Amino acid sequence: VRREGEFYYPIYFEEDFAELCSGLKKENLVGRRVCIVSDSNVFPLYGDKVKKILESVEESVDVFVFEAGEPNKNLDTVQNLYRTLIENKIDRTGFLIALGGGVTGDLTGFAAATYLRGIDFIQIPTTLLAQVDSSVGGKTGVDFQQYKNMVGAFHQPRLVYMNMNTLNTLPETEFICGMGEVLKTGLICDSELFRSVCRQKKQIRGLDSQVLASVIRRCCEIKAGVVERDPKEQGERALLNLGHTIGHAVEKLMDFQLLHGQCVAVGTIAAAAISRNRGLLSEKEYQEILCGCRDFGLPVSVQGLDPEKILEATRNDKKMEQGHIKFILMKGIGNSFIDKTLSDQEILKGIQEILQ
Ligand code: NAD
Ligand code: ZN
């Protein structure tokens, strides 16, 4: 992936941590004071292994572990991390290692972007969601008050290292959430990805490593391509928000009882319904999308929410531009586009489809 300027960063697709050292050496990221950032679930599983490897090439290796979960993706945790970095004398030559899911990656990346006006960081994503989506692309940040990802920075990692076998310990619902982002990626620009994933649901749900590796690779290729062409989301990158406008509203109104990927699935169904209502998507394609989500155990509707409240919540989203919501719609499977012309009526009608 190209960073700003002429830098590229590599993405490793591996089945263990064995190549991490040579990756760091190649990127000239050795002999530094570094800090591993991880959460209370992931560190006990993989922390010691990664720490040992780092200790063999770095000057010093510190550890910062925070309590797992989205509610801790906030400025308090970032402040505690700054304290650890200062105590351990991490200077501009040091770097951070995000070992965990999207919460860890977003938080670590934000701390790296801001500590001493920006130091390096690397991503070691351990959830499917982080591997197919959040670890690539340089969006970092934390939630602020009730607003998701409200405070953040663009800061690209120096390298992304995936050990796909870490998915073996991931809880099933978390895996399913990652599949929500995979299906989303296919719907945006690759109908073959969407359809092959649906065809191979048995292998994927059984964690067939070959099938999964090719799916993860394809998602990273797509995301890297989009991010290279539009790193700061001035155009095309907004497509990656398919399902996220209504998804984020649902996530917030459900008080984060549903996971992000589950909300994205629900939001994607609403976007599909709106597209169908406009005659852009056939009923058959709409049903195909419903089936795809259901086959992977993703929700396609929610209970007990007020449609007006959902509409209202989408208005507070960052995707507003001069009073118009930037909404992602589909002209068929694998062909999404940005629309700024939706009326409240059309959005409400789409929302009705996801309410039980
Ligand atoms: P997460 O980091 O909270 O991980 C989910 C859960 O799985 C956590 O409890 C974690 O401790 C646990 N876990 C992680 N890896 C594990 C493993 N290998 N084995 C066992 N347990 C493991 O959440 P997530 O779903 O990875 O990421 C969601 C976050 O990502 C959200 O905050 C979202 O806003 C963000 N996100 C960011 C981007 C981006 O471009 N920066 C894109 C999409 C999502
Ligand atoms: Zn997402």
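Preceding block: the structure.
Predicted model, so just to flag it, every value in this text is computed and none were measured.

Caption draft 1: Representation of the overall build of the protein chain in the model. Scanning the protein chain from terminus to terminus reveals 14 helices and 12 strands. Taking 2.2 N^0.38 as the reference for a compact globule, 356 residues should give roughly 21 Å; the C-alpha atoms of the protein chain span a radius of gyration of 20 Å, in line with that estimate. Once the C-alpha set of the protein chain is aligned to its principal axes, its extents read approximately 60 × 40 × 40 Å. A separation of at least 24 residues holds for 75% of the contacts in the protein chain among residues at least 6 apart in sequence.

Caption draft 2: Main features of the packing of helix α3 (residues 75–87) against helix α4 (residues 102–114). α4 packs onto α3 with a crossing angle of 55° between their chain directions and a minimal axis gap of 10 Å. Between α3 and α4, the interaxial angle falls into the category oblique. Crossing geometry of α3 relative to α4 is assigned as right-handed. Together, Thr77, Val78, Leu81 and Tyr82 of α3 and Leu107, Phe110 and Ala111 of α4 make up the contact between the two elements. Grouping the constituent residues of the contact of α3 with α4 by class yields six nonpolar, one polar and no charged.

Caption draft 3: Local environment of the pairing of strand β5 (residues 120–125). With respect to burial, β5 is a largely interior element, six of its six residues being buried. Residues Asp120, Ile122 and Ile124 line one face of β5 and the alternating positions Phe121, Gln123 and Pro125 line the opposite face, and both faces are buried. Regarding the hand of the β-α-β motif, the stretch spanning strand β4 (residues 95–100), α4 and β5 is right-handed.

Caption draft 4: Structural detail: the site of ligand 1. As a structural note, the neighbourhood of ligand 1 is formed by 29 residues, with Asn41, Gly101, Gly102, Thr127 and Ser134 the closest of them. The set of elements that each furnish at least two residues to the shell around ligand 1 consists of α2 (42–55), α4, α5 (128–134) and α6 (172–189). Considered class by class, the residues forming the shell around ligand 1 number eight nonpolar, 14 polar and seven charged.

Caption draft 5: Looking closely at helix α12 (residues 283–295). Taking 1.5 Å as the rise per residue, α12 with 13 residues should run 18 Å; its terminal C-alpha atoms sit 18 Å apart, in good agreement. Those residues of α12 that fall on the buried side of the exposure criterion are Ile289, Gly292 and Cys293. All buried residues of α12 fall inside an arc of 95° around its axis, so they share one side. Pointing more than 90 degrees away from the buried face of α12 are the exposed residues Glu283, Lys284, Gln287 and Arg294.

Rules used in this analysis
Residues numbered from 1 in each chain as written. Chains lettered and ligands numbered in written order. Predicted model: local features only at pLDDT ≥ 70, side-chain atom pairs only at ≥ 80, totals over all residues. Helix = DSSP H or I, 4+ residues; strand = E, 2+ residues; numbered from the N terminus. Rg over C-alpha atoms; globule rule 2.2 N^0.38 Å. Contact = placed C-beta atoms within 7 Å. Axes fitted to C-alpha atoms, helices over the stretch in contact; angles between N-to-C directions. Parallel < 35°, antiparallel > 145°, perpendicular 65-115°, else oblique. Left-handed = near helix turned anticlockwise from the far one by under 90°. Nonpolar A, V, L, I, M, F, W, Y, C, P; charged D, E, K, R; others polar. Buried ≥ 20, exposed ≤ 12 C-beta atoms within 10 Å, placed from the backbone. Right-handed = clockwise from strand over helix to strand, strands pointing away. Near = placed C-beta within 6 Å. Expected span 1.5 Å × (residues − 1). Arc of directions from axis to C-beta.

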